[in-house]
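Structure at a glance
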Amino acid sequence: MGDVISVRHLSFRNKMASYYLTVTRLRLPLGTGARRLHVSAALSGKAKVAMSRFEPGSTTNYEKIHENINIVRRRLNRPLTLSEKIVYGHLDDPAGQEIERGRTYLRLRPDRVAMQDATAQMAMLQFISSGLPTVAVPSTIHCDHLIEAQIGGAQDLQRAKDVNQEVYNFLATAGAKYGVGFWKPGSGIIHQIILENYAYPGVMLIGTDSHTPNGGGLGCVCIGVGGADAVDVMAGIPWELKCPKVIGVKLTGSLSGWTSPKDVILKVAGILTVKGGTGAIVEYHGPGVDSISCTGMATICNMGAEIGATTSLFPYNHRMKTYLEKTGRAEIASLADEFKEDLVPDNGCEYDQTIDINLSELKPHINGPFTPDLAHPVSDIGAIAQKSGWPLEIKVGLIGSCTNSSYEDMGRAASLAKQALDKGMKCKSQFTVTPGSEQIRATIERDGYAKILSDVGGIVLANACGPCIGQWDRKDVKKGEKNTIVTSYNRNFTGRNDANPATHAFVTSPEIVTALALAGTLDFNPETDYLTAPNGEKFKLQPPSGDELPSRDFDPGQDTYQHPPDDGSSVKVDVNPSSNRLQLLEPFDKWHGRDLEDMKVLIKVKGKCTTDHISAAGPWLKFRGHLDNISNNMLIGAVNTENDAVNKVKNLLIGEYDGVPDVARHYKANGVNWVVVGDENYGEGSSREHAALEPRHLGGRAIIVKSFARIHETNLKKQGLLPLTFGNASDYDKICPDDHISIIGLKSFAPSKPLTALIKHSDGSEESISLNHTFNETQIEWFKAGSALNRMKELL
């Protein structure tokens, strides 16, 4: 039990690439049920090497990053932003890589991969299809998405284990066979687990979830990707990323009173909108940074996904050092101190865009409904809601989620709940609490926060995503009933939390959610308004307070980590052919070498079309490992321009209306290719690659829109589809739902060379428009091979 692992240099090789990995992450058991991580560049021991626990947080790794930074700095001959230091520090070829922000594609070597269970199913199915024997970089699977909130934490967790046994068994055995660590259901939300265990200043991590940037709160570059990108990294292939621009957000002043870290990103979202960060890393800097806790910085970075940012991050400081020490990683903190100059921006570095925020002047915010960039000061939301006809009564207040479930968040919420309890008052709205991890759950139980939140009327849910991603068996309102909820979540698209399109969801800080749940109404301003106790006494809530970290060590709670064996080759991974949850993948067909002619328009989408519209979550999550079954939700939430209806499009072969997936299947069965036409920022939101896999599976060939969200555009390319944008945005209006479209110029398909769409109208007229793309040479090979996975197999 006392063995300690120390590995200084480890190489993994396969036919495609060799990857040199330096690791010093150790698993140090500390007794029954306890789990601690320890890092040292000098320790040695006889313990078995568990690759998924490796962490490249050694002197050697920092020296390599330092060396790469110096190579690039000499080449560019200018100061570097922090984002550039970490990204360029992970270049596969720092001496030869062409670097131009916003234009060139970088070939990178991320340090590790993390996958949540809903996306890990397809990622592992694709990795199995690659034929490789084991992953080439440290990788983990986290069970957090498949637990539905119904009654309470313990009951919901047990039900999830029963209902999802087949999927959990698949992920556990696949992890054991291919060298991937497995965090069991109940362990917590992937991003909190990463922050507590795997993130550290300077690391580059990719995760199959759009909120992976949460790790930026510890000064690292953590990027959300689709499963196919994760497979590339796990296979040891250099990972491609368009060289990001850098948006600098300078923070001055300090947070105080009711203003919280969440208000920073709510304000930024209002400034940049849901697409303002696309293609860029948001880098926070300035003297105001030091007034924000490490977990508060993580909150800000987490919700950066809502502005389309590639990722967000903060410079290394004493707050991060303290958090590392408190989570058992003091040695990493010492190494970060040694290499601090590489973990902060250079003086004089230049940003592509700058935003200035004075934290001392920042007011509490609440954003929504229906979009996370509709920002309002809390003091104004009541009047705005009344004018807009939004329901003032708050049905449910929900705190937690990957964005706001830290010890500090729970403590500050509990401080408000305690004030109410002292006056004999409970929440007027329903109130739910989601701990971010088993460690957070155990610690807030030990320290009394959980009891306070329960006593005020809260239901403590499982350590999982729950209502934030639609895993909520909501009973208090009927579908279609207009109502308001307030959450400390990150995303509030139509129907996202409860599948009710009439639910007006607002996102804000846990403190404001708690105050509003106590008041029960949206027009309550805790800075100025009074609550009324049961005895008639009026009282005003004092500003929230709470410890940044527990005064005692964190309580790790139950040990929920399963570590892969030394040799998993004998482990059997079963996928039942008759399963409705899991399905082995068949390769997509290769490009036939000709232009794509006379394709039908499956749907011309009107307005916002997120990945929730393209591939809904909630009850559909159970089919994430079965491509054919989950394809029955393809685009069922998208609005058809022809009739302003959802999931109702005309089947041009028979002249009748049907659901979008049904028409697509009919076209496919009859050998008819089709395209989707869309609006701005198509595919914003989640990283779910099912939104790309499903159109490909059902016969789609091209998605033609005004603009794309970054992750979705890449996912489409990975699956052999053509993501194309109008050369002139107004050309969107030229396409009618009953048109036929041909994509011309594919025989000479080349980077930066537009393609042509020939549009044939039903009246016999024709017109041509120009279509742009962002394919590079490598990505064009994906298209020709039928998918990135097909191309990988060709190279083996």
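1. Quick look at the overall build of the protein chain
From N to C terminus, the protein chain includes 23 helices and 34 strands. Its C-alpha atoms give the protein chain a radius of gyration of 25 Å, within 12% of the compact-globule value 28 Å for 796 residues. Its C-alpha atoms put the protein chain at 75 × 65 × 55 Å along the principal axes. In the protein chain, which comprises 796 residues, the share counted as buried stands at 63%. A separation threshold of at least 6 residues defines the contact pool for the protein chain, and within that pool the share at least 24 residues apart is 75%. Summed over its atoms, the accessible surface of the protein chain is roughly 26800 Å², and 47% of this surface lies on carbon and sulfur atoms.

2. Re the side chain of Thr487
Its place among the elements puts Thr487 in strand S21 (residues 483-487). We classify Thr487 as buried; its relative accessible area is 1%. Only 3.0 Å separates the side chain of Thr487 from the backbone nitrogen of Tyr489, close enough to count as a polar contact. Every residue in contact with Thr487, bar those within four places of it in the chain, is listed here: Leu398, Phe506, Val507, Thr508 and Val513.

3. Quick notes on the packing of helix H22 (residues 777-785) against helix H23 (residues 788-795)
Where H22 meets H23, the closest approach of the two axes is 7 Å, and the angle between their N-to-C directions is 95 degrees. One way to sum up the angle between H22 and H23 is to call them roughly perpendicular. Facing Glu781, Trp782 and Ala785 of H22, the residues of H23 in contact are Ala788, Asn790, Arg791 and Glu794. Tallied by class, residues from the contact of H22 with H23 come to three nonpolar, one polar and three charged.

4. Thoughts on the pairing of strand S18 (residues 394-400)
Most of S18 sits out of view: six of its seven residues are buried. Sheet topology places S18 next to strand S19 (residues 430-434); five bridges connect them, and they run parallel. Bridging across to S19, Val396 finds its partner in Gln430. Handedness of the crossover is the feature at issue here: the chain leaves S18, passes through helix H13 (residues 407-422), returns alongside S19, and the resulting connection is right-handed.

5. Digging into the environment of Pro544
The residue Pro544 is located in the loop between strand S24 (538-539) and strand S25 (561-562) in this model. For Pro544, a relative accessible area of 7% gives the class buried. When the C-alpha atoms of Pro544 and Ala413 are compared, they prove to be 6.9 Å apart, with 131 residues separating the residues in sequence. Look past the residues within four positions of Pro544 in its chain and what remains in contact with it is Gly257, Trp258, Arg412, Ser415, Leu416 and Glu511.

6. What about the pattern of salt bridges?
Applying the stated criterion to the full structure yields 41 salt bridges. One salt bridge in this structure joins Arg109 and Asp92, with 2.9 Å as the shortest N-O distance. Remark: Asp92 occurs in the loop between helix H2 (82-88) and strand S5 (105-108) and Arg109 occurs in the loop between S5 and strand S6 (112-116); sequence separation between them is 17 residues. Look at Arg109 and you get buried, because its relative accessible area is 14%. Across the pair Arg791 and Glu794 runs a salt bridge, and its minimum N-O distance is 2.9 Å. Note that Arg791 and Glu794 are positioned in helix H23 at a spacing of three residues, about one turn of the helix. Its relative accessible area of 38% is what places Glu794 among the partly exposed residues. One salt-bridge network, held together by shared partners, links Arg78, Glu84, Arg101 and Asp352.

7. A short note on unusual backbone geometry
Of note, the amide linkage connecting Gly368 to Pro369 takes the cis form, showing an omega dihedral of 5 degrees. Turning to its location among the elements, Pro369 is positioned in the loop between strand S16 (365-367) and strand S17 (375-377).

8. Digging into the packing of aromatic side chains
Under the counting rule described, the total for this entry stands at 15 aromatic pairs. Measuring from centroid to centroid gives 4.9 Å for Trp183 and Tyr561, while their planes differ by 55 degrees, and the two rings are tilted. With Trp183 in strand S8 (residues 181-183) and Tyr561 in strand S25, the pair connects residues that are 378 residues apart, well separated along the chain. The class of Trp183 is buried, set by a relative accessible area of 0%.

9. Re the sheet that holds strand S9 (residues 204-207)
Pairing is mixed across the open sheet formed by six strands, whose spatial order is S10-S9-S6-S7-S8-S25. Two strands in the sheet have a free side with no partner beyond their single neighbour: strand S10 (221-224) and S25. In the sheet, S8 pairs with S25 via two bridges, with the strands oriented antiparallel. For Trp183, the partnering residue across the bridge sits in S25 and is Tyr561. Contacts between helix H3 (residues 117-130) and the sheet are confined to S6 and strand S7 (139-142), with S6 contributing the most and set at about 115 degrees to the helix. Strands S6, S7, S8 and S9 of the sheet are contacted by helix H6 (residues 190-197), whose axis makes an angle of about 150 degrees with S6.

10. With respect to the nonpolar core
One finds Leu251, Tyr284 and Phe314 to be the most contacted residues of the largest nonpolar core, which totals 166 residues. Among residues more than four places away in sequence, those in contact with Tyr284 are Val249, Leu251, Val264, Ile265, Val268, Val289, Ile300, Ser312, Leu313, Phe314 and Pro315.

11. Some thoughts on helix H9 (residues 294-302)
With nine of nine residues buried, H9 is to be regarded as a mostly interior element. All buried positions along H9 are accounted for by Cys294, Thr295, Gly296, Met297, Ala298, Thr299, Ile300, Cys301 and Asn302. Taken together, the buried residues of H9 touch H6, helix H8 (261-272), strand S13 (280-285), strand S14 (311-313), helix H10 (318-326) and H13.

12. Some points on the sheet that holds strand S32 (residues 740-744)
Pairing within the closed barrel is mixed, and its seven strands lie in the order S26-S29-S30-S31-S34-S33-S32. Geometrically, the sheet is characterised by an average inter-axis angle of 40 degrees between neighbouring strands, direction not taken into account. Sheet topology note: the strand S29 (residues 674-677)/strand S30 (residues 700-705) ladder contains four bridges and is parallel. Bridge pairing in S30 places Val675 opposite Ala702. Contacts between helix H19 (residues 660-669) and the sheet are confined to strand S26 (596-604) and S29, with S26 contributing the most and set at about 165 degrees to the helix.

13. Concerning the environment of Ser730
The topology assignment puts Ser730 in the loop between strand S31 (722-726) and S32. Counting along the chain gives 170 residues from Ser730 to Thr560, while the straight-line C-alpha distance between them is 53 Å. At a separation of 2.8 Å, a polar atom in the side chain of Ser730 contacts the side chain of Asn728.

14. Details of H19
Listed as buried for H19 are Val660, Pro661, Val663, Ala664 and Tyr667. Each buried residue of H19 sits inside an arc of 160 degrees when the element is viewed along its axis, so together they form one side. Buried residues along H19 sit against S26, strand S27 (649-651), strand S28 (656-658) and S29.

15. A word on the side chain of His211
Considering the arrangement of structural elements, one finds His211 in the loop between S9 and S10. There is a polar contact of 3.3 Å between the side chain of His211 and the side chain of Asn490. Other than its neighbours up to four places away in sequence, His211 contacts His191, Asn302, Ala305, Glu306, Cys402, Asn490 and Arg491.

About the thresholds
- Residues numbered from 1 in each chain as written.
- Predicted model: local features only at pLDDT ≥ 70, side-chain atom pairs only at ≥ 80, totals over all residues.
- Heavy atoms only, no water.
- Helix = DSSP H or I, 4+ residues; strand = E, 2+ residues; numbered from the N terminus.
- Rg over C-alpha atoms; globule rule 2.2 N^0.38 Å.
- Buried < 20%, exposed > 50% of the residue type's maximum accessible area, 1.4 Å probe, protein only.
- Contact = heavy atoms within 4.5 Å.
- Areas by Shrake-Rupley, 256 points an atom, 1.4 Å probe, with all protein chains shown as cover.
- Polar contact = N/O pair within 3.5 Å; in protein donor to acceptor, adjacent residues only side chain to side chain.
- Axes fitted to C-alpha atoms, helices over the stretch in contact; angles between N-to-C directions.
- Parallel < 35°, antiparallel > 145°, perpendicular 65-115°, else oblique.
- Nonpolar A, V, L, I, M, F, W, Y, C, P; charged D, E, K, R; others polar.
- Pairing = 2+ DSSP bridges.
- Right-handed = clockwise from strand over helix to strand, strands pointing away.
- Salt bridge = Lys/Arg side-chain N within 4 Å of Asp/Glu carboxyl O.
- Phe/Tyr/Trp six-rings, centres within 6.5 Å; stacked < 30°, edge-to-face > 60°.
- Core = buried A, V, L, I, M, F, W, Y, C linked by side-chain atoms within 4.5 Å.
- Arc of directions from axis to C-beta.

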